[in-house]
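# Observations on chain architecture
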Amino acid sequence: MPSIRQDAWSHAEDVKLAEAVLRHIKSGSTQLAAFAEAGSMLSRTAAACGFRWNSTVRKQYVQELSQAKSERKARKKQRKKTHSAKEASDSFSAEFKENTGTSIDETIELLNQLKLSLSSSLNPELQNEVRRLEAENRMLDQAYRKLEKEYGSLLKNYNSVVRVLEIVDQARKQMPGETDRKDGLTV
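Please read these numbers as outputs of a predicted model, since none were measured by experiment. (Residues numbered from 1 in each chain as written. Predicted model: local features only at pLDDT ≥ 70, side-chain atom pairs only at ≥ 80, totals over all residues. Heavy atoms only, no water.)

The helix and strand inventory of the protein stands at six helices and zero strands. The linear arrangement of helices and strands in the protein, starting from the amino end, is α-α-α-α-α-α. The 187 residues of the protein split such that 13% are buried. A sequence separation of at least 24 residues applies to 43% of the contacts in the protein between residues at least 6 apart. With the model as given, the accessible surface of the protein reaches about 15,600 Å², and the carbon-plus-sulfur share is 57%. (Helix = DSSP H or I, 4+ residues; strand = E, 2+ residues; numbered from the N terminus. Buried < 20%, exposed > 50% of the residue type's maximum accessible area, 1.4 Å probe, protein only. Contact = heavy atoms within 4.5 Å. Areas by Shrake-Rupley, 256 points an atom, 1.4 Å probe, with all protein chains shown as cover.)

The subject of this paragraph is a nonpolar patch on the surface. A cluster of nonpolar side chains, contributed by Tyr151, Leu155 and Tyr158, occupies part of the molecular surface with about 360 Å² of accessible area. Residue position: Leu155 is located in helix 6 (residues 124-174). (Patch = residues over 30% accessible without salt bridge, like charges linked within 9 Å, V, L, I, M, F, W, Y side chains within 5 Å. Salt bridge = Lys/Arg side-chain N within 4 Å of Asp/Glu carboxyl O.)

Confidence in the prediction for the protein averages 84 pLDDT; 81% of positions are at 70 or higher. Looking across the protein, the model is least confident in helix 5 (residues 104-121), with a mean pLDDT of 76, and most confident in helix 3 (residues 46-60), with 94. (pLDDT = per-residue confidence, 0-100.)

Right, let's talk about the packing of helix 1 (residues 11-27) against helix 2 (residues 31-42) for a bit. Packing of helix 1 against helix 2 brings their axes to within 8 Å, and their N-to-C directions diverge by 145 degrees. Relative to helix 2, helix 1 is oriented so that their crossing is right-handed. Residues Glu13, Lys16, Leu17, Ala20, Val21, Arg23, His24 and Ile25 of helix 1 pack against Gln31, Ala33, Ala34, Phe35, Glu37, Ala38, Met41 and Leu42 of helix 2. (Axes fitted to C-alpha atoms, helices over the stretch in contact; angles between N-to-C directions. Left-handed = near helix turned anticlockwise from the far one by under 90°.)

A cluster of like positive charges, contributed by Lys26, Arg58, Lys59, Lys69, Arg72, Arg75, Lys76, Arg79 and Lys80, occupies part of the molecular surface. When residues of the positive patch are traced back to their parent elements, those giving at least two are helix 3 and helix 4 (62-100). Ranked by the residues each element gives to the positive patch, the list is headed by helix 4, at six residues. Along the chain, Lys59 turns up in helix 3. Overall, the relative accessible area of 57% leaves Lys59 in the exposed class. (Lys, Arg positive; Asp, Glu negative; His and termini not counted. Charge placed at Lys NZ, Arg CZ, Asp CG, Glu CD.)

Right, let's get into the packing of helix 2 against helix 3. Two numbers describe how helix 2 lies on helix 3: the axes approach to 8 Å, and their chain directions differ by 115 degrees. Relative to helix 3, helix 2 is oriented roughly perpendicular. As for the relative orientation of helix 2 and helix 3, their crossing is right-handed in sense. Taking contact as the criterion, the partners of Gln31, Phe35, Ala36, Ala38 and Gly39 in helix 2 are, on helix 3, Ala46, Cys49, Gly50, Trp53 and Asn54. For the contact of helix 2 with helix 3, the class distribution of residues is six nonpolar, four polar and no charged. (Parallel < 35°, antiparallel > 145°, perpendicular 65-115°, else oblique. Nonpolar A, V, L, I, M, F, W, Y, C, P; charged D, E, K, R; others polar.)

The next subject is unusual backbone geometry. At Ser43, a position not held by glycine, the phi torsion is positive, near 60 degrees. With respect to the secondary-structure elements, Ser43 resides in the loop between helix 2 and helix 3. Overall, Ser43 belongs to the exposed group, its relative accessible area being 69%.

Let us now look at the nonpolar core. Leu17, Val21, Phe35, Ala38, Cys49, Trp53 and Val57 are the most contacted members of the largest nonpolar core, which has 17 residues in total. Those elements giving two or more residues to this core turn out to be helix 1, helix 2, helix 3 and helix 4. Considering each element in turn, this core owes the most residues, six residues, to helix 1. Once residues within four sequence positions are removed from consideration, Cys49 is found in contact with Trp9, Leu17, Phe35, Ala38, Gly39 and Arg44. (Core = buried A, V, L, I, M, F, W, Y, C linked by side-chain atoms within 4.5 Å.)

So, in structure tokens, the structure goes:
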């Protein structure tokens, strides 16, 4: 009767090892950390888990491993993009406050208040002129859109007519006994 090693790996253990390694790779952690986690979970050493992964299990999870590495790369790229955007924003805010003595939020609030006070202090005649010009602008914009639609319709009709004329011209050329207009000869 063949003897069974007491430290033989079961399929369930291989699956748990693979899950731990793939999860660590996806999250950007190391395989060594995955081996340590799997070892404590499976009551094996990290070295045994690493050997089993590299000698047997990894070959069964080639596609999943590739996918996990792709996800890790995408996450790393996204984190880098987010980090650099936040860093740039923080740097700009700090430099702005250093140069002006106020924060960007305070400056925005000040500009909004200034905008409100200017709009309320405008000469009533100017306010009426602004309203009249805005109304005229809306009216002209509507007329422009109407003309744009008409132009599109006319262009569509023109293209249809051109296609029909091309078909008629081709048919005329294929008819026997037609004369060529250039030299007056019968075709």
